[in-house]
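Commentary on secondary and tertiary structure
The lines below spell out each chain.
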Amino acid sequence: MSADVDIRAAGGIGRITLTRPAALHALNTPMCAAIFKALAAWRDDPAIHIIWIDHQEGTRGFCSGGDIRMLAESGAGDAAEARDFFRTEYRMNAALKAFPKPVIAILDGVTMGGGVGLSVHGSHRIATERTLFAMPETGIGLFPDVGGGWFLPRLEGELGTWLALTGARLKGADVAAAGVATHFLPSELVPALGKQLEAADFSADARAMLDEILRGLTHPVPAPSYDAHRDTLHRCFAGQSAEAIVAALEADPGDWAKGEAATIRAKSPETVKVALRQLREGARCETFEDNMRMEFRIGWRKVQSHDFQEGVRAVIIDKDNAPVWSPARLEDVSEADVAQYFAPLGADELTFS
């Protein structure tokens, strides 16, 4: 077990509560291992009818991601600890995706990176007006993992490509409008939801009961704030290369498109190209496990890359926000540079047994 996550069963509900507020509940290997173990135990337990994932009451943020400092420090060496984290986290992601019972996650506050992987693969995801969603990894030379290759290309049109390449943030009801969350609930009603979940009898038809509770509390989702740019977004981000996407954005007469192009050019060029290939290949994956094996190959190598080490230095350690990427331009990143991250790992491939 881990002191950073509270796992217990009560009233037919398997409860998972993140309790690492000083790090905005960022995931570490013991947390992921504890959650994975609980899911394995609850999967076929007839006394458990739903899973409920949230964070410690009164603390800020649902989950800010993974332990980036650890990944960088490990990647600067032999990367063994980083790879163990990915192996454990990705197996947890796959267990959530395959879980046969309803999984409800309360995305109240910051929900990024690993926090997305802990929530987006469940059946019921609740956004509040305080939800702040992003997959910002291209800004530190990592990549939108934890199943990003699976769920991002399965959002409407090219929403996932936009989110992955730019690290764009979605707030509040926009998270539900995009399909990242399934419901929108004002944060003041979250305690009421908790009380109803605790009082409910889920033994007959857990999914129907959960749906009924949510229908009585959740609010309609308005048109998203990005709606005015929807057509431009889907058109420009449909390109099959990063250069084509940026060129389409730069050629568009609107200021929004030009701003998105500038944002992409500020990210790690190599990582932008890796992320785009990840999403295009993820869209073709037949199973979630196939996608996670692909992401494990990328993560295995990415933590030791120049751009990840430099991105963490610039954004997290020195905080000068002036990373020096290598190569420095999208046009200088070759197909071979990208392909190396997707090569098979042989005996080191990710397994799920």
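Here we summarise the structure given alongside this text. What you are looking at is a predicted structure, and each value in this text was computed from that prediction instead of being measured. (Residues numbered from 1 in each chain as written. Predicted model: local features only at pLDDT ≥ 70, side-chain atom pairs only at ≥ 80, totals over all residues. Heavy atoms only, no water.)

Considering all chains together, one arrives at 21 salt bridges under this definition. Between Glu349 and Arg297 there is a salt bridge whose closest N-O contact spans 2.9 Å. Here Arg297 lies in helix H14 (residues 288-302) and Glu349 lies in the segment after helix H16 (335-339), a separation of 52 residues in the sequence. The class of Glu349 is buried, set by a relative accessible area of 15%. Beyond isolated ion pairs, a larger network of salt bridges with shared partners links Glu250, Arg265, Arg329, Glu331 and Asp332. (Salt bridge = Lys/Arg side-chain N within 4 Å of Asp/Glu carboxyl O. Helix = DSSP H or I, 4+ residues; strand = E, 2+ residues; numbered from the N terminus. Buried < 20%, exposed > 50% of the residue type's maximum accessible area, 1.4 Å probe, protein only.)

On to the sheet that holds strand S2 (residues 13-18), then. If you trace the six strands from one edge of the open sheet to the other, you get S1-S2-S3-S4-S6-S9, paired in mixed fashion. The outermost strands of the open sheet, each flanked by one partner alone, are strand S1 (5-10) and strand S9 (183-184). The sheet contacts of helix H9 (residues 206-217) involve strand S3 (50-55), strand S4 (103-107), strand S6 (124-127) and S9, and relative to S6 the element is tilted by about 15°. (Pairing = 2+ DSSP bridges. Contact = heavy atoms within 4.5 Å. Axes fitted to C-alpha atoms, helices over the stretch in contact; angles between N-to-C directions.)

Of all eight residues making up helix H2 (residues 68-75), six are buried, and the element is well covered by its neighbours. When H2 is considered as a whole, its buried residues turn out to be Ile68, Met70, Leu71, Ala72, Ser74 and Gly75. Against helix H3 (80-98) and helix H15 (306-317) lie the buried residues of H2.

Volume-wise, the largest pocket comes out at about 950 Å³. Around the largest pocket sit 38 residues that line it, and Ser64, Ile68, Pro136, Ile140 and Ile316 are the ones nearest its centre. Considered class by class, the residues forming the lining of the largest pocket number 20 nonpolar, 10 polar and eight charged. In this structure, the second largest pocket encloses a volume near 490 Å³. For the lining of the second largest pocket, the elements supplying multiple residues, two or more each, are S2, S3 and helix H8 (190-199). (1 Å grid on protein atoms, 1.4 Å probe; cavity = no way out; pocket = protein on both sides within 12 Å on 5 of 7 lines; lining within 4 Å. Points joined across faces, edges and corners; volume = space filled by probe spheres on them. Nonpolar A, V, L, I, M, F, W, Y, C, P; charged D, E, K, R; others polar.)

What follows deals with the state of the cysteines. For the structure shown, the criterion picks out zero disulfides. The thiol of Cys32 is not disulfide-bonded; the next cysteine sulfur, from Cys63, is found 8.3 Å away. Given a relative accessible area of 0%, Cys32 falls into the buried group. (Disulfide = S-S within 2.5 Å.)

This brings us to the pairing of S3. Of all the six residues making up S3, six are buried; the element is thus mostly covered by neighbouring parts of the structure. Residues Ile50, Trp52 and Asp54 of S3 are buried on one face, and the alternating residues Ile51, Ile53 and His55, pointing to the opposite face, are buried as well. Of the pairings in the sheet, the one linking S2 to S3 comprises six bridges and is parallel in character. Following the sheet pairing, Gly14 is matched in S3 by Ile51. Remark: the S2/helix H1 (residues 29-43)/S3 crossover connection has right-handed handedness. In this structure, S3 lies alongside S4, joined through three bridges in parallel fashion. Counted as the bridge partner of Ile51 is Val103 from S4. (Right-handed = clockwise from strand over helix to strand, strands pointing away.)

Two elements in contact, H2 and H3, have axes separated by 7 Å at closest approach and are oriented at 135°. The orientation of H2 relative to H3 falls into the category oblique. Taken together, the residues of H3 that come into contact with H2 (itself represented by Met70, Leu71 and Ser74) are Ala80, Glu81, Ala82, Phe85 and Phe86. Along the lines of polarity and charge, the residues of the contact of H2 with H3 split into six nonpolar, one polar and one charged. (Parallel < 35°, antiparallel > 145°, perpendicular 65-115°, else oblique.)

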